[in-house]
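Overview (structure and organization)
The lines below spell out each chain.
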Amino acid sequence: MTHHIPDFPELQFGSIYCIGRNYAKHAKELKNEVPSEPVVFLKPRSSLIFNGDSIKIPNSSKNVHHEVEMVILIGKTVKNISEQEALESIKAVGVGLDMTARDIQSQAKLKGLPWTLAKGLNTFAPLGNLIEYHPGIDLTDLNITVSVNGEVRQTGNTSDMLFPVVRLISYLSQHFTLTPGDMIYTGTPEGVSKVEKGDLIKASLGEGLSSLQVHVS
Ligand code: ZN
């Protein structure tokens, strides 16, 4: 298995950081508190799939949800950086899905256990095409949407993020050394819902900036 990033073959995929509860209305729909600091979890690299691939519903879950998210690709090694320095560490941006076995996650939350089994299963990190970042892309004002079988399920705008991208990168860099190839799934707006075998999922970010199409099997 190659770990090279399709749009940037000079880079290999690194760690996959994910941010939970980063849109107030989504936190509310799952009856969670709005956090005062970013909520961070990780997915393994084996969860990544790409355009044209299939999300596999595991036997362990009866309630797998889509969460459409803006994804940031890191292009520099950074540690303890400020929000002002954060933009320079971004290599690219795209759309992704943070697939979630909601029933497994709910059990984990009840017991105070980690979310890894709910979030990190095989095929649970679909990733669309990545577009090289430049200052003309306003990361704080991008529309994000996902449809299932042609029906729009989630629409949002990155302006509604509780912690904007520069804050997330700065925050993560206080705790982890970020390196080229690392990615950040930046959280989802409201409207998460269940997917079924046979569904066709289409997601997009910005006006044609990045798109993703995957099946569920
Ligand atoms: Zn998410």
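Residues numbered from 1 in each chain as written. Predicted model: local features only at pLDDT ≥ 70, side-chain atom pairs only at ≥ 80, totals over all residues. Heavy atoms only, no water.

**Section: the pattern of salt bridges**
What counts is decided by this rule: Within this document, salt bridges are pairs made up of a side-chain nitrogen of Lys or Arg and a carboxyl oxygen of Asp or Glu, the two lying within 4 Å of each other. A run of H or I in DSSP counts as a helix once it spans at least four residues, and a run of E counts as a strand once it spans at least two, with each numbered from the N terminus. Think of it in three bands: with a 1.4 Å probe and only protein chains considered, a residue is buried below 20% of the maximum accessible area for its type, exposed above 50%, and partly exposed in between.
In total, this model carries eight salt bridges according to the counting rule given. With a shortest N-O distance of 3.8 Å, Glu88 and Lys76 are connected by a salt bridge. Separated by 12 residues along the polypeptide, Glu88 in the loop between α2 (83-86) and β9 (90-97) and Lys76 in the loop between β8 (68-74) and α2 bring together distant segments of the chain. Accessibility expressed as a relative area gives 38% for Lys76, which makes it partly exposed. Lys119 is the partner of Asp98 in a salt bridge, and the nearest nitrogen-oxygen pair spans 2.9 Å. Separated by 21 residues along the polypeptide, Asp98 in the loop between β9 and β10 (100-101) and Lys119 in helix α4 (residues 116-119) bring together distant segments of the chain. The burial state of Asp98 is the same as that of Lys119; both residues are buried. Via salt bridges that share partners, Lys43, Glu67, Asp98, Arg102 and Lys119 belong to a single interconnected network.

**A closer look at the sheet that holds β10**
What counts is decided by this rule: By the convention used here, strands pair only if DSSP detects at least 2 bridges between them.
What the three strands build is an open sheet, ordered β10-β7-β15; its pairing is antiparallel. Edge positions in the sheet fall to β10 and β15 (193-194), since each of these pairs with one other strand and no more. In this structure, strand β7 (residues 64-66) lies alongside β15, joined through two bridges in antiparallel fashion. Counterpart to His65 in the pairing with β15 is Lys194.

**Describing empty space enclosed by the protein**
Quick reminder of the rule: The pocket and cavity definitions rest on a 1 Å grid over protein atoms only: a 1.4 Å probe that fits but cannot leave marks a cavity, an open set with protein on both sides within 12 Å along at least five of seven lines marks a pocket, and residues lining either have an atom within 4 Å of a point. Grid points are joined across faces, edges and corners, and a volume is the space filled by probe spheres set on the points. Any residue that is not Ala, Val, Leu, Ile, Met, Phe, Trp, Tyr, Cys, Pro, Asp, Glu, Lys or Arg is counted as polar, Gly included; the first ten are nonpolar and the last four charged.
Taken as a whole and judged by the stated rule, the model has one cavity of 30 Å³ or more. Forming the boundary of the largest cavity are 17 residues, of which Gly20, Arg21, His26, Glu67 and Lys119 lie nearest the centre. Where the lining of the largest cavity is concerned, the elements lending two or more residues are β3 (16-20) and α3 (102-111). Here the element with the most residues in the lining of the largest cavity is α3; it accounts for three residues. Looking at side-chain class alone, the lining of the largest cavity contains four nonpolar, six polar and seven charged residues.

**Focus: unusual backbone geometry**
Phi is positive for Lys31, which is not a glycine, with a value near 55°. One can find Lys31 in the loop between α1 (24-29) and β4 (39-43). Residue classification places Lys31 among the exposed positions, given a relative accessible area of 77%. Residues other than glycine seldom take positive phi values, yet Thr123 does so here, at roughly 75°. By the secondary structure assignment, Thr123 is in the loop between α4 and β11 (125-132). With a relative accessible area of 10%, Thr123 lands in the buried category.

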